Each structure stands twice: as structure tokens, then as C-alpha cells.
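Chain and residue survey
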Amino acid sequence: MKNFNKLAVLAALFSGLITSVQAQVAVKEAWARATVVQQKASGAFMQISSVKDAKLVEVRSPVAGIAEMHKMEMSDNIMKMRQVDSIDLPAGKTVELKPGGFHIMLMDLKSQIKDGDIVPLILVVEGKDKKRETLEVKAIAKPLNQTTHH
């Protein structure tokens, strides 16, 4: 019985450590744009904050063949979108992935994303120590004309 109690205490301590590691990065208000039939791309948006300096280095989703991080920016009076390798997450600051700025592109969609659907996303965040943390995010699909979470 004594060994069982020690194992239970160790398990409780270990699970506490895992929880605190996972709490280093928080995601709020995740949403994705609903699509029309035959549409093969959509965007996903959210607010990400990190306790320590980190960066978003990879995104995946089972609903898309390809998921990438992109940035919209003005260049010669033309709005251009380009893929980025990572998105910095400065300690203590909230980084907003939003239409017209940084966002996640979901391409080669496997089916239509309908208003109200839950779109699973997997985010990989890397700390300055090169350790990686994987977060599972559930983004809610919003209508095509939606420009914010609300």
C-alpha cells in the first residue's frame, strides 16, 4: 500500500508539471472562415499569448492538405499575402492572428467548412530553448463575411 501512495503522489506531481508546461502558451477566440461548396482554401484566426518568448513554428489541421502561416502586408500600394516560417510570440504580449495581418491558411480543404463547424488545429510553438510544445485548438467556423471573432 505504501508504494501505491508514493506512485499516486508522483503521478499527481508529474501531472502538475505537465499542466504548468502547457500553460506557457494560451490561445483565445480561435475561429475559421466558413467556405462555400468547392472552395479549397480558408483562413483561421486567434489570439495567442506566451509567458516566455517563443514562436509559432508549425500549423497542421486534419481538414486541410496544407496548413501554413501567412502575413498580409501592403507593398507598393498593393495588399500582398506571403508565407512566413514563424510568428514571434513575445513574452507577456498577445499576438492576434486576424484578417489583413498574420493568419493561418488552410489549403487543399478536404470538405466544405460550414458555419458552426469545429475546425481542429494543431499549433507547434518553440521556446528560446528550442523545446517544442504542441497545442490542440478548436476553432469555430464563422460566416464568410466575418472579419472578427464576435
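Residues numbered from 1 in each chain as written. Predicted model: local features only at pLDDT ≥ 70, side-chain atom pairs only at ≥ 80, totals over all residues. Heavy atoms only, no water.

**Overview of the overall build of the protein**
A count of helices and strands for the protein gives one helix and ten strands. Taken from N to C terminus, the helices and strands of the protein fall in the order α-β-β-β-β-β-β-β-β-β-β. A buried classification covers 33% of the 150 residues belonging to the protein. In the protein, the share of contacts with a sequence separation of at least 24, taken over all contacts with a separation of at least 6, comes to 68%. With an accessible surface of roughly 9400 Å², the protein has 56% of that area assigned to carbon and sulfur atoms. (Helix = DSSP H or I, 4+ residues; strand = E, 2+ residues; numbered from the N terminus. Buried < 20%, exposed > 50% of the residue type's maximum accessible area, 1.4 Å probe, protein only. Contact = heavy atoms within 4.5 Å. Areas by Shrake-Rupley, 256 points an atom, 1.4 Å probe, with all protein chains shown as cover.)

**Overview of the pairing of strand β5 (residues 78-83)**
Inspection of the sheet shows strand β4 (residues 64-75) paired to β5 by six bridges, in the antiparallel sense. The residue bridging Glu73 from the neighbouring strand is Lys80, located in β5. (Pairing = 2+ DSSP bridges.)

**With respect to the confidence of the model for the protein**
Note that predicted coordinates carrying low pLDDT should not be read in detail. Counting all residues, the mean pLDDT for the protein is 85, and 81% of those residues have values of 70 or more. Across the protein, the secondary-structure element scoring lowest on mean pLDDT is helix α1 (residues 2-22), at 47, and the one scoring highest is strand β8 (residues 102-109), at 97. Below a pLDDT of 50 lies the segment residues 12-22, which in the model reaches two contacts outside its immediate sequence neighbourhood of four places, other chains included. (pLDDT = per-residue confidence, 0-100.)

**Here's the deal with the pattern of salt bridges**
Inspection of the entire model under this criterion finds five salt bridges. With a shortest N-O distance of 3.6 Å, Lys71 and Glu73 are connected by a salt bridge. One network of salt bridges, with partners in common, ties together Lys71, Glu73 and Arg82. (Salt bridge = Lys/Arg side-chain N within 4 Å of Asp/Glu carboxyl O.)

**So, the packing of aromatic side chains**
Applying the stated criterion across every chain, the model contains one aromatic pair. Consider the rings of Trp31 and Phe45, whose centres lie 4.6 Å apart with planes at 35°: the pair is tilted. With a gap of 14 residues between them, Trp31 in strand β1 (residues 25-33) and Phe45 in strand β2 (residues 41-50) connect regions that are remote in the sequence. (Phe/Tyr/Trp six-rings, centres within 6.5 Å; stacked < 30°, edge-to-face > 60°.)

**Quick look at unusual backbone geometry**
Phi at Glu29 takes a positive value of approximately 50°, unusual for a residue other than glycine. Along the chain, Glu29 falls in strand β1. By relative accessible area, which is 32% here, Glu29 ends up partly exposed. Phi at Asp76 takes a positive value of approximately 55°, unusual for a residue other than glycine. Counting through the fold element by element, Asp76 comes out in the loop between β4 and β5. A relative accessible area of 70% means that Asp76 is categorised as exposed.

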